[in-house]
2 protein chains.
Amino acid sequence: MPKISCIIAYDGTNYSGYQIQPQKRTVQGEIEGALMKIHKGEQIRIHASGRTDTGVHAKGQTIHFDTSLHIPGNSWKKALNTLLPNDVYVHHSEEVSADFHARYDVVEKEYRYIVQNTIDPDIFKRNYVWHYPYKLNIQAIQEACNFFEGTHDFTTFSSAKATVKGNKIRTLYEVSCQQENDQIVFVFRGSGFLYNMVRILVGTLLDVGQEKIKPSAIMDMLESKDRNKAGKTAPPQGLYLWKVRYQ
Amino acid sequence: MPKISCIIAYDGTNYSGYQIQPQKRTVQGEIEGALMKIHKGEQIRIHASGRTDTGVHAKGQTIHFDTSLHIPGNSWKKALNTLLPNDVYVHHSEEVSADFHARYDVVEKEYRYIVQNTIDPDIFKRNYVWHYPYKLNIQAIQEACNFFEGTHDFTTFSSAKATVKGNKIRTLYEVSCQQENDQIVFVFRGSGFLYNMVRILVGTLLDVGQEKIKPSAIMDMLESKDRNKAGKTAPPQGLYLWKVRYQ
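Residues numbered from 1 in each chain as written. Chains lettered and ligands numbered in written order. Predicted model: local features only at pLDDT ≥ 70, side-chain atom pairs only at ≥ 80, totals over all residues. Heavy atoms only, no water.

By the naming in an unreviewed UniProt entry, chain A is tRNA pseudouridine synthase A, taken from Ornithinibacillus xuwenensis. Recorded under Subunit (unreviewed entry), the UniProt text for chain A is reproduced unchanged: "Homodimer." UniProt lists a comment for chain A under the heading Catalytic activity (unreviewed entry), and it reads "uridine(38/39/40) in tRNA = pseudouridine(38/39/40) in tRNA". (UniProt positions renumbered as here; feature names shortened; annotations may be inferred.)

Residues and elements named next belong to chain A. Where helix α3 (residues 138-148) contacts helix α5 (residues 217-224), the two axes come as close as 9 Å, and the packing angle between them is 35 degrees. Seen along the crossing, α3 lies across α5 with a hand that is right-handed. Touching A144, F147 and F148 of α3 are I218, M219 and L222, all from α5. For the contact of α3 with α5, the class distribution of residues is six nonpolar, no polar and no charged. (Axes fitted to C-alpha atoms, helices over the stretch in contact; angles between N-to-C directions. Helix = DSSP H or I, 4+ residues; strand = E, 2+ residues; numbered from the N terminus. Left-handed = near helix turned anticlockwise from the far one by under 90°. Contact = heavy atoms within 4.5 Å. Nonpolar A, V, L, I, M, F, W, Y, C, P; charged D, E, K, R; others polar.)

What follows covers the relation of the copies chain B and chain A. Mapping chain B onto chain A leaves a residual RMSD of 0.0 Å; the transformation is a rotation of 180 degrees accompanied by 0.0 Å of translation along its axis. Interpreted geometrically, this transformation is the action of a two-fold axis. When C-alpha distances to the rotation axis are compared across chain B, the minimum falls at K125(B), with a value of 5.0 Å. Counting the interface residues of chain B, we find that 100% of their copies in chain A are interface residues as well, pointing to one common contact surface. (Least-squares fit on C-alpha atoms with pLDDT ≥ 70 in both.)

In this section: the interface of chain B and chain A. Taken together, the contacts link 21 residues of chain B with 21 residues of chain A. Carbon and sulfur atoms supply 57% of the area that chain B and chain A bury against each other, a total of about 1,700 Å² over both sides. Of all residues in chain B, the largest losses of buried area upon contact with chain A belong to I123(B), F124(B) and R126(B), amounting jointly to 40% of the total for that side. On the surface where chain B and chain A come into contact, there are four salt bridges. With its nearest N and O atoms 2.9 Å apart, the salt bridge here joins D120(A) to K77(B). Of all the secondary structure elements, the ones that give two or more residues to the side of chain B that touches chain A are β1 (3-10), β3 (57-66) and β4 (88-96) of chain B. Per-class residue counts for the side of chain B that touches chain A are 10 nonpolar, four polar and seven charged. (Buried area = accessible area lost by both parts, 1.4 Å probe. Salt bridge = Lys/Arg side-chain N within 4 Å of Asp/Glu carboxyl O.)

In structure tokens form, the structure reads like this:
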């Protein structure tokens with residue numbers, strides 16, 4: 001049975017997140033709906049590298065599925081795009097080996113978070129950035145970013161609501177921030193991320209940027225393992241699942 | 001009675017155009033609704049430099065209204081933005097002289113039209129550009145732009161549906177096109193524009209870009225005064241009322 005993997009982008013604005021839920025518009029629901037049409041009513045389950053929340057976007061989410069159809073791997077792109085709504089797009093499709101798994105085989109994920117640092121909001125970006133009108137010390141933010149790189153217990157920076165199995169130790173390969181005109185782009189690359197982790201990291205880094213806390217305070221926060229010590233959770237619309245890397 | 005003028009931006013995606021209509025969500029309707037709240041139920045009529053169609057955006061539309069309230073001119077910006085939905089924004093407000101009129105006093109309008117010239121669409125821009133995946137000869141388009149500058153009868157390039165009063169002679173000060181990465185940005189500056197004119201000009205210029213017609217064919221088109229000789233009307237979502245100039 002052929003196995004197909006796809007790299008997809010979606011605008012999360014009008015979705016109740018990635019994962020399928022009854023009576024809700026979800027990315028998984030739309031893609032499985034399109035696959036069902038292609039398979040003449042047969043239900044096809046897709047597997048993604050991970051979920052994204054309501055309002056969160058993806059530039060490079062990876063999914064896979066098994067199919068009974070013998071269609072060339074690169075033809076799935078067109079077949080799916082013809083049926084999908086205009087806020088999901090398959091950028092690439094290919095046949096992969098039978099043992100590939102979009103979730104279990106991930107070696108690195110990259111998230112980006114975009115902050116628009118201007119007095120007036122840009123209404124055309126209201127669903128795609130976090131408008132943050134306060135003066136920011138970018139150098140302090142960059143300094144704070146360094147404290148997050150490496151292997152740490154990120155309990156402080158994960159949602160208290162999350163019902164976790166296993167420990168909260170994760171390794172971040174890159175945490176950086178770059179000013180690009182009136183936007184601040186955060187890059188997070190790591191082996192894995194906890195629930196809401198990127199958004200809490202951004203909320204905390206902007207507290208540093210506003211000089212409410214010092215960059216070195218990050219160390220104490222990590223040690224405290226207390227969600228209440230971190231900043232607030234940044235809103236979803238600035239967050240992008242940017243790229244998923246496999247071996 | 002003080003007269004206030006405002007420069008506003010709006011994302012036209014979720015509006016049935018600028019002009020107020022019963023049972024429809026319109027930009028004028030939203031602003032007049034906000035003004036009615038500020039004036040405790042009193043109806044305030046606003047006047048714009050001109051209308052925009054469903055799906056068309058504005059970066060710098062100008063409006064004016066008369067008010068019985070004595071609020072400093074620059075405070076209207078905040079008062080209105082507090083009440084307006086997040087897809088309309090007042091960038092500037094000021095008190096103007098009693099004889100100012102947002103429509104009659106216009107000396108120049110600037111429209112821009114953005115085309116995204118890539119094979120794959122960028123789903124994040126689906127409401128803000130025209131995705132045009134065909135190979136384009138930019139130099140030919142630039143050459144064709146020159147034929148539109150100056151004073152011409154633009155009957156060929158206006159909607160056949162328009163019920164016009166007066167002649168269709170207009171003066172364009174600038175018609176230009178610039179490639180910016182994977183986007184092509186058209187600029188149109190003129191004393192006035194006919195209904196659908198910019199969108200028909202863009203549709204025609206892209207026919208030139210695809211080498212379906214030669215740049216010099218524009219001259220014959222203008223002379224024919226026949227809408228059927230021009231290209232098709234470009235879709236609304238790439239169009240922006242960019243700036244309105246007054247004396």
